[in-house]
Amino acid sequence: MITPARQTSALHSSLDPLGPSRNAASSPEMKKKDLRTFQRFLEVECWKNGEIRNLDRTLLAVADACKQINRIVQRAQTDDLYGAAVDPLTGELAEENVQGEVQQQLDVLCNTIMLRAFCGASNNVVCAVASEEEPLPRSCADVMGYDTSEFNILQSGEYVAVFDPIDGSKNIDSSLPVGTVFGIYRVPDGASAGKDGVNLDNFLQRGTKMVAAGYCLYSATTVLVLTLGSGVHGFTLDPDKQKFLQTHPNMRIPGIGSLYSFNEANYREFSEPVQKFLTNMKQAGAIGGKKVSSRYVGALVADVHNVLINGGIYGYPATRDNVNGKLRLLYESAPMAMIMEQAGGAGSTGHGRILDVLPPQRKKNSGHKKSDVEPDDDEAGKGIHVRVPTFLGSVENVYELEQCFKYYGEEDN
């Protein structure tokens, strides 16, 4: 006798497209698309461009790091990965990071994964890294536990890397999207390894000097978006094969979009140009043939990805309390601006191109002793973590935003 429970189970099994294979005559089987792997993409692209030929192993390691972070994010609810990080030696809460935030377990764990990805598998290509979670950059020799008092092979790398290991980590409590952002710069010709294998000047470059930028989005699907300076490509993680497959070749943002992504709870804190822009956009009713709509998740990667796919504009403006906004130039704004521009969009501070912004440079003391003329690392720390107002999106939308700054902004701007 077949019980109702068994009948229900059998019905569910018959409707499950991922369940045991069924008679081909009864229903079609699900088939995988024939898509190019991320590894194959890198092999071809790095072969085509000799200047970045030795970055393929580094970027493969970053993709593997994204897979690890994806698993950690999915397990955060069940594996006790919430809460503030604790010093394993003292048992006390970890210190605040350079942003003035108490470091969370997820922040520390994801930061370690990204550090090792750039330094441990780069075949000595990356010589130093800078993380949003740490006050100053570190040499790869230091990351990997080598003695930095003497020169070693890890200090001879041609590139430095910057990253935000887990953007929007507060969203995990609500099962909302989070992401990872990264950028890679070439070490300027003639630059020295610097003290302890780190030359801070190598990081204080304009975004135009980046050779690669990308982000990983951990959401309904896990997506890796990358530019090597010749277009933007998107890869989706196949949960069965655990491989990134090229699902979005040659991504292009629409020239104009009806979507805007701002935290309007801060509307009264925005400057007049931003308020005018938002008011004008809402009053327009429809843009590009579509009704104007607002979407704001609260994670940079998620919101920018939405704008990249659908067109429109993302904004994190200055406010009264944060006169330069909250997004860091090196780790967030510049990499995202490079991606947007390579996809046919734009990135602006409201007064000009994000990629043209030069971080504050190190100052030299005016004394006569040798130690007095050394660049000031404390000043460099300010440059490493400098923030800028950030607007990213379709060209037409960003242009209109800049026009509002031109007509309604203060004259000294």
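Our subject is the structure listed above.
Asks: Before we move on, can you summarise unusual backbone geometry with the specific residues and values?
Replies: Although it is not a glycine, glutamine 242 adopts a positive phi angle of roughly 55 degrees. Given a relative accessible area of 29%, glutamine 242 falls into the partly exposed group. A positive phi is found at asparagine 250, a non-glycine position, where the angle reads about 50 degrees. Mapped onto the secondary structure, asparagine 250 falls in the loop between β8 (243–248) and β9 (259–261). Residue classification places asparagine 250 among the exposed positions, given a relative accessible area of 53%.

Asks: Run through the state of the cysteines, naming residues and quoting values.
Replies: Taken as a whole and judged by the stated rule, the model has two disulfides. Shown here is the disulfide that connects cysteine 66 with cysteine 216, its sulfur atoms set 2.0 Å apart. For the disulfide bridge between cysteine 66 and cysteine 216, the dihedral angle about the S-S bond is near 80 degrees, and by the sign convention the bridge is right-handed. Here the residue cysteine 66 occupies a position in helix α3 (residues 56–75), and cysteine 216 occupies one in strand β5 (residues 210–218), the gap between them amounting to 150 residues. The exposure class of cysteine 66 is buried, given its relative accessible area of 0%. A sulfur-sulfur distance of 2.2 Å marks the disulfide that ties cysteine 119 to cysteine 140. On the sign convention where negative means left-handed, the S-S torsion of about -70 degrees between cysteine 119 and cysteine 140 marks this disulfide as left-handed. With cysteine 119 in helix α4 (residues 105–120) and cysteine 140 in helix α5 (residues 140–143), this pair connects stretches of sequence that are 21 residues apart.

Asks: Quick rundown of the pairing of strand β6 (residues 222–227)? Include the residues and the values.
Replies: Burial analysis of β6 places six of its six residues in the buried class, which makes it a mostly covered element. Side chains Thr222, Leu224 and Leu226 of β6 all project onto a buried face; the interleaved residues Val223, Val225 and Thr227 project onto the opposite face, where all are buried too. Relative to β6, β5 is paired through six bridges, and the arrangement is antiparallel. Across the sheet, cysteine 216 pairs through a bridge with leucine 224, a residue of β6. Remark: three residues form the turn of the hairpin made by β5 and β6, two consecutive strands paired antiparallel. Inspection of the sheet shows β6 paired to strand β7 (residues 232–238) by five bridges, in the antiparallel sense.

About the criteria used
Residues numbered from 1 in each chain as written. Predicted model: local features only at pLDDT ≥ 70, side-chain atom pairs only at ≥ 80, totals over all residues. Heavy atoms only, no water. Buried < 20%, exposed > 50% of the residue type's maximum accessible area, 1.4 Å probe, protein only. Helix = DSSP H or I, 4+ residues; strand = E, 2+ residues; numbered from the N terminus. Disulfide = S-S within 2.5 Å. Pairing = 2+ DSSP bridges.

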